[in-house]
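# Close look at the chain arrangement
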Amino acid sequence: MLKVVSLLKRKEGMSLDEFRHWALEEHPPLGQKLPGIRHYRMSVVIEDNPNFPYDAVSEFWFDSVEARAAAFATPEGKAAGEDASAHCASRVHLLTEEKIIIE
């Protein structure tokens with residue numbers, strides 16, 4: 001199973017509270033519509049520190065790299081990507097394979 005870890009930095013001038021509201025309330029309904037998504041998590045920093053390189057981590061699980069590409073090629077995937085671009089100054093996507101060490 002593919003796990004996509006995305007590191008998100010909020011746009012300049014956006015408060016952490018505004019970003020947190022977007023990341024936890026506004027954006028998730030778009031992500032939930034992605035076809036083939038297995039799991040979806042969003043974590044936002046607790047401390048407002050401008051020196052942090054990122055403000056949030058999102059995690060998506062798909063069956064494969066191909067399933068991820070197909071999901072983001074749909075209108076729902078494009079809408080989610082456009083929304084993220086509108087609220088994030090930068091996004092780094094890491095395609096990973098998760099290995100649980102302690103559960």
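Residues numbered from 1 in each chain as written. Predicted model: local features only at pLDDT ≥ 70, side-chain atom pairs only at ≥ 80, totals over all residues. Heavy atoms only, no water.

## Quick word on the overall build of the chain
Under the convention used in this document: Helical segments are the DSSP runs of H or I of at least four residues, strand segments are the runs of E of at least two, and each set is numbered from the N terminus. As a reference, a globule follows 2.2 Å times the number of residues to the power 0.38, and the radius of gyration itself is taken over C-alpha atoms. Relative accessible area decides the class of each residue, using a 1.4 Å probe on protein chains only: under 20% of the type maximum gives buried, over 50% gives exposed, and in between gives partly exposed. Contacts are assigned to residue pairs that have any heavy atoms within 4.5 Å of one another. Surface accessibility in these figures is a Shrake-Rupley result with a 1.4 Å probe; residues are shielded only by whichever protein chains are displayed. Asp and Glu count as negative and Lys and Arg as positive, but His and the ends of the chain are not part of the count. Where a charge sits is defined by one atom per residue type, namely NZ (Lys), CZ (Arg), CG (Asp) or CD (Glu).
Secondary structure assignment for the chain yields 4 helices and 4 strands. N-terminal to C-terminal, the α/β element order of the chain is β-α-α-β-β-α-α-β. Over its C-alpha atoms the chain spans a radius of gyration of 14 Å, differing by no more than 12% from the 13 Å that the globule rule assigns to 103 residues. Its C-alpha atoms give the chain principal-axis dimensions of roughly 35 × 35 × 20 Å. Sorting the 103 residues of the chain into buried and exposed places 35% on the buried side. Expressed as a percentage of contacts within the chain between residues at least 6 apart in sequence, the contacts between residues at least 24 apart total 72%. Accessible surface, the chain: about 6,400 Å² in total, of which carbon and sulfur atoms supply 54%. Considering the chain, the positive charge centre built from 12 side chains and the negative charge centre built from 17 side chains are found 4 Å apart.

## Some thoughts on the side chain of His27
For His27, the location among the structural elements is in the loop between helix 1 (16-26) and helix 2 (28-32). A relative accessible area of 7% places His27 in the buried class. Leave out the neighbours within four places in its chain, and His27 touches Trp22, Tyr40, Met42, Ala80, Asp83 and Ala84.

## Overview of the pattern of salt bridges
As a reminder of what qualifies: Take a side-chain nitrogen of Lys or Arg and a carboxyl oxygen of Asp or Glu: if they are within 4 Å of each other, that pair is a salt bridge.
Following the criterion strictly, the structure yields 7 salt bridges and no others. The salt bridge involving Lys3 is made with Glu59; its shortest N-O contact spans 2.7 Å. Linking Lys3 in strand 1 (residues 2-10) with Glu59 in strand 3 (residues 56-62), this pair joins segments that are 56 residues apart in sequence. A residue is classified by how much of its surface remains accessible, and Lys3, at 9% relative accessible area, is buried. The partner of Arg10 in a salt bridge is Asp55, with the nearest N and O atoms 3.2 Å apart. Of this pair, Arg10 sits in strand 1 while Asp55 is found in the loop between strand 2 (39-44) and strand 3, placing the two residues 45 residues apart along the sequence. In this structure, a network of salt bridges that share partners links the residues Lys9, Arg10, Asp48 and Asp55.

## Some words on the nonpolar core
Cut-off, in case you're wondering: Among buried residues, the Ala, Val, Leu, Ile, Met, Phe, Trp, Tyr and Cys ones that are joined through side-chain atoms within 4.5 Å form a nonpolar core.
With 11 residues, the main nonpolar core is built from Leu8, Met14, Leu16, Phe19, Trp22, Ala23, Met42, Val44, Ala56, Ala84 and Cys88. Contributions of two or more residues to this core are made by helix 1 and strand 2. Tallying contributions element by element places helix 1 first for this core, with 4 residues. Aside from chain neighbours lying at most four places away, what touches Cys88 is Leu8, Lys9, Arg10, Lys11, Phe19 and Trp22. Core analysis: the next-biggest nonpolar cluster, separate from the first, contains 6 residues, Val4, Phe60, Phe62 and Ala71 among them.

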